[in-house]
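Descriptive structure summary
This is what each chain is made of:
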Amino acid sequence: QVQLVESGGGLVQAGGSLRLSCAASGSIFSINAMGWHRQAPGKQRELVATITSGGTTHYAESVTGRFTISRDNAKNTVYLRMNRLKAEDTAVYYCQAITISPPGYRYWGQGTQVTVSS
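Our subject in this report is the structure included herewith. (Residues numbered from 1 in each chain as written. Predicted model: local features only at pLDDT ≥ 70, side-chain atom pairs only at ≥ 80, totals over all residues. Heavy atoms only, no water.)

Examining the overall build of the protein chain
The cut-off we apply is this: Only DSSP runs of H or I with at least four residues qualify as helices, and only runs of E with at least two residues qualify as strands; both kinds are numbered from the N terminus onward. Using C-alpha atoms as the atom set, the radius of gyration is obtained and then compared with a globule rule of 2.2 Å times the number of residues to the power 0.38. Buried residues are those whose accessible area, probed at 1.4 Å on protein chains only, stays under 20% of the maximum for their type, while exposed residues exceed 50% and partly exposed ones sit between those limits.
The number of helices and strands found in the protein chain is zero helices and 11 strands. Helices and strands appear in the protein chain in the N-to-C order β-β-β-β-β-β-β-β-β-β-β. A globule of 118 residues ought to have a C-alpha radius of gyration of about 13 Å, and the protein chain, at 14 Å, matches this closely. Projected onto its principal axes, the C-alpha coordinates of the protein chain cover approximately 45 × 25 × 25 Å. Taken across its 118 residues, the protein chain has 42% of its residues classed as buried.

This is the structure:
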């Protein structure tokens, strides 16, 4: 079992910045990739960014150049730095962990609300 706890959400003006954190605990040795997804009201959950255990990153086109994902393996924590926030970034942001064993199993955090006022 892997437990994920997000923090760092809040209300920010358009153009501002926030940093989200996701602390993993439990069977962390089984984690391969971690990432962030988001879900806006009335929309499907979408991928924001991922990072593998080796540090390879991937971003959704809508956030490329504005968001940065990173991980601190010593702290078992993944971060999402969000700059130049836009109103359309408003959503609940969820942390995800993908395990090696069982292969491809996905754990989710409880989510943290990010609201960007225009």
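Notes on the packing of aromatic side chains
Where we set the bar: Ring pairs shown here join Phe, Tyr and Trp side chains whose ring centres sit within 6.5 Å, with only the six-membered ring taken for Trp; geometry is labelled stacked below 30 degrees between planes, edge-to-face above 60, and tilted in between. Charges are assigned to positions over rings by a cutoff of 6 Å between ring centre and Lys NZ or Arg CZ, combined with an angular limit of 35 degrees from the ring normal.
Under the definition given, this model contains two aromatic pairs. Residues Tyr-94 and Trp-108 carry aromatic rings whose centres are separated by 6.5 Å and whose planes lie at 90° to one another, so their mutual orientation is edge-to-face. Here Tyr-94 is found in strand 9 (residues 91–99), whereas its partner Trp-108 is found in strand 10 (residues 106–108), with 14 residues between them in sequence. Exposure remark for Trp-108: the relative accessible area of 37% places this residue in the partly exposed category. Ring geometry for Tyr-105 and Tyr-107: centres 4.9 Å apart, planes at 65°, overall edge-to-face. Overall, Tyr-105 belongs to the partly exposed group, its relative accessible area being 43%. Positioned above the aromatic ring of Tyr-94, the side-chain terminus of Arg-45 is 3.7 Å from the ring centre. Against the face of Trp-108 rests Arg-45, its NZ or CZ located 4.6 Å from the ring centre.

Examining the pairing of strand 4 (residues 31–39)
Each regular strand displays side chains that alternate between the two surfaces of the sheet. So the rule is basically this: Here, strands pair whenever DSSP counts at least two bridges between them.
Here strand 4 lies mainly inside the structure; seven of its nine residues are buried. As defined by bridge partners, strand 4 adjoins strand 9 across eight bridges and the pair is classed as antiparallel. By the bridge assignment for strand 9, Ile-31 is matched with Thr-99. Bridge count between strand 4 and strand 5 (residues 46–51): five bridges; the pairing is antiparallel. Opposite Trp-36, over in strand 5, you have Ala-49 as the bridge partner. If you look at the hairpin formed by strand 4 and strand 5, you'll find six residues sitting between the two strands, and Gly-42 has a positive phi there, around 75°.

Things to note about the environment of Ala-40
Test applied: When checking whether two residues touch, look at their non-hydrogen atoms; a contact exists if any pair is within 4.5 Å.
As for its placement among the helices and strands, Ala-40 is situated in the loop between strand 4 and strand 5. Distance in space between the C-alpha atoms of Ala-40 and Leu-11 is 15 Å, their sequence separation being 29 residues. Look past the residues within four positions of Ala-40 in its chain and what remains in contact with it is Thr-90 and Ala-91.

Some words on the sheet that holds strand 8 (residues 77–82)
Rule in force here: For helices, the fitted line uses only the C-alpha atoms of the stretch in contact; every axis is such a line through C-alpha atoms, and the angle between N-to-C directions lies from 0 to 180 degrees.
Ordered in space as 1-3-8-7, the four strands form an open sheet in which the pairing is antiparallel. The open sheet has two edge strands with one neighbour each: strand 1 (2–7) and strand 7 (67–72). The mean inter-strand angle of the sheet, taken between neighbouring strand axes irrespective of direction, is 15°. In terms of strand pairing, strand 7 meets strand 8 through six bridges, oriented antiparallel. Counted as the bridge partner of Phe-67 is Met-82 from strand 8.

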